[in-house]
Amino acid sequence: MSKLAMPATPAVAQNPSSDMLLVQRALAREADAFRAIIKTHNQRLFRIARGVVRNDAEAEDIVQEAYVHAFASLAAFRGESSLATWLSRIVINEALGRLRKRRRVVAMPENPEARIIRFPLNPSDDPERTMAQRQILALVERATDSLPDIYRMVFVARVIEGLSMEETADLLGLRPETVKTRLHRARALLRKALDDEIGPVLLDAFPFAGRRCERLTQAVMGRLGFE
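Residues numbered from 1 in each chain as written. Predicted model: local features only at pLDDT ≥ 70, side-chain atom pairs only at ≥ 80, totals over all residues. Heavy atoms only, no water.

### Some words on the packing of helix 2 (residues 31–53) against helix 6 (residues 149–160)
- Orientation of helix 2 relative to helix 6, taken along the N-to-C sense of each, is 155°, at an axis distance of 9 Å. In terms of axis orientation, helix 2 runs roughly antiparallel to helix 6. As helix 2 packs across helix 6, the resulting crossing turns out to be right-handed. Counting all contacts with helix 2, which are made through Arg47, Ile48, Gly51 and Val52, the residues of helix 6 involved are Arg152, Met153, Val156 and Ile160.
- Considered class by class, the residues forming the contact of helix 2 with helix 6 number 5 nonpolar, 1 polar and 2 charged. (Axes fitted to C-alpha atoms, helices over the stretch in contact; angles between N-to-C directions. Helix = DSSP H or I, 4+ residues; strand = E, 2+ residues; numbered from the N terminus. Parallel < 35°, antiparallel > 145°, perpendicular 65-115°, else oblique. Left-handed = near helix turned anticlockwise from the far one by under 90°. Contact = heavy atoms within 4.5 Å. Nonpolar A, V, L, I, M, F, W, Y, C, P; charged D, E, K, R; others polar.)

In structure tokens, the structure reads:
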């Protein structure tokens, strides 16, 4: 297989990390290495991009562009931070650039169909339970989307992606103390947003209709001697 011209592979220590080994393989144009990088980091990068732009389709496009930029400058990766952090920074820069460009053109539109946190919904579940889960999902997503950018990005990194305080600080170029402060503020804002909406949602909590209602009715009727 012919090799395309690529930047020289960066020098590494005698015991290179798994990230560096994967990067070396990618620099050697091994398709499996590129595929492994993409599959390993897709979910985190999408969620981070989605946390900035609040739009599924645009977040996916941002991640694709970020991969292209990252692979074009892969030789610049020195292993000083993890590959995940290095890629995440590229995604954040791309997403923030899109956001700035969008704001220069038009105010950011609302996107009621946006999705951040995905609950495992089982189609075979009781329909009422599934509906309740979807209501909770929509509620959390709206509340998360309502956070100001500087708080939402910290919240997505720390809570949704589960990064440590230090990893989040490194990713966003902040001091750990700043991450802690912004996370505290994000949670307070999120609690308020949920408090404002939780009343109407609770009215539909513990639904007793559909299958459950029919099942109980049939059980009682059966015990009463009716078919």
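### Some points on the pattern of salt bridges
- Under the criterion given, the structure shown has 8 salt bridges.
- In this structure, the salt-bridge partner of Arg50 is Asp56, at a minimum N-O distance of 3.1 Å. (Salt bridge = Lys/Arg side-chain N within 4 Å of Asp/Glu carboxyl O.)

### Topic: the environment of Val159
- By secondary structure assignment, the location of Val159 is in helix 6.
- Here Val159 falls in the partly exposed class, since its relative accessible area comes to 38%.
- Val159 sits 28 residues away from Arg187 along the chain, and the two C-alpha atoms are 9.8 Å apart.
- Look past the residues within four positions of Val159 in its chain and what remains in contact with it is Val154, Leu183 and Arg187. (Buried < 20%, exposed > 50% of the residue type's maximum accessible area, 1.4 Å probe, protein only.)

### Some remarks on helix 2
- Remark: the principal bend of helix 2, roughly 50°, maps to Asn42.
- Just beyond helix 2, the residue with positive phi is Arg54, at close to 60°. (Bend = angle between axes of the 7 residues up to and from the residue.)

### A closer look at unusual backbone geometry
- Within the chain, Arg29 stands out as a residue other than glycine whose phi angle is a positive 70°.
- With respect to the secondary-structure elements, Arg29 resides in the loop between helix 1 (18–27) and helix 2.
- Classification of Arg29 by relative accessible area gives partly exposed; the value is 30%.
- Phi at Arg54 takes a positive value of approximately 60°, unusual for a residue other than glycine.
- By secondary structure assignment, the location of Arg54 is in the loop between helix 2 and helix 3 (56–72).

### What about the packing of aromatic side chains?
- The final tally for this structure, using the stated rule, is 3 aromatic pairs.
- With centroids separated by 4.9 Å and ring planes inclined at 85°, the aromatic side chains of Phe34 and Phe71 adopt a geometry described as edge-to-face. With Phe34 in helix 2 and Phe71 in helix 3, this pair connects stretches of sequence that are 37 residues apart.
- Note on Phe34: relative accessible area 13%, which makes it buried.
- The class of Phe71 is buried, set by a relative accessible area of 15%.
- Ring centres 5.7 Å apart and planes at 15° place the aromatic pair Tyr67 and Phe71 in the stacked group. In this pair, Tyr67 and Phe71 are both assigned in helix 3, 4 residues apart and thus about one turn of the helix distant.
- Looking at Tyr67, the relative accessible area reads 7%, which means it is buried.
- Members of the aromatic cluster, each reached through a chain of ring pairs, are Phe34, Tyr67 and Phe71. (Phe/Tyr/Trp six-rings, centres within 6.5 Å; stacked < 30°, edge-to-face > 60°.)

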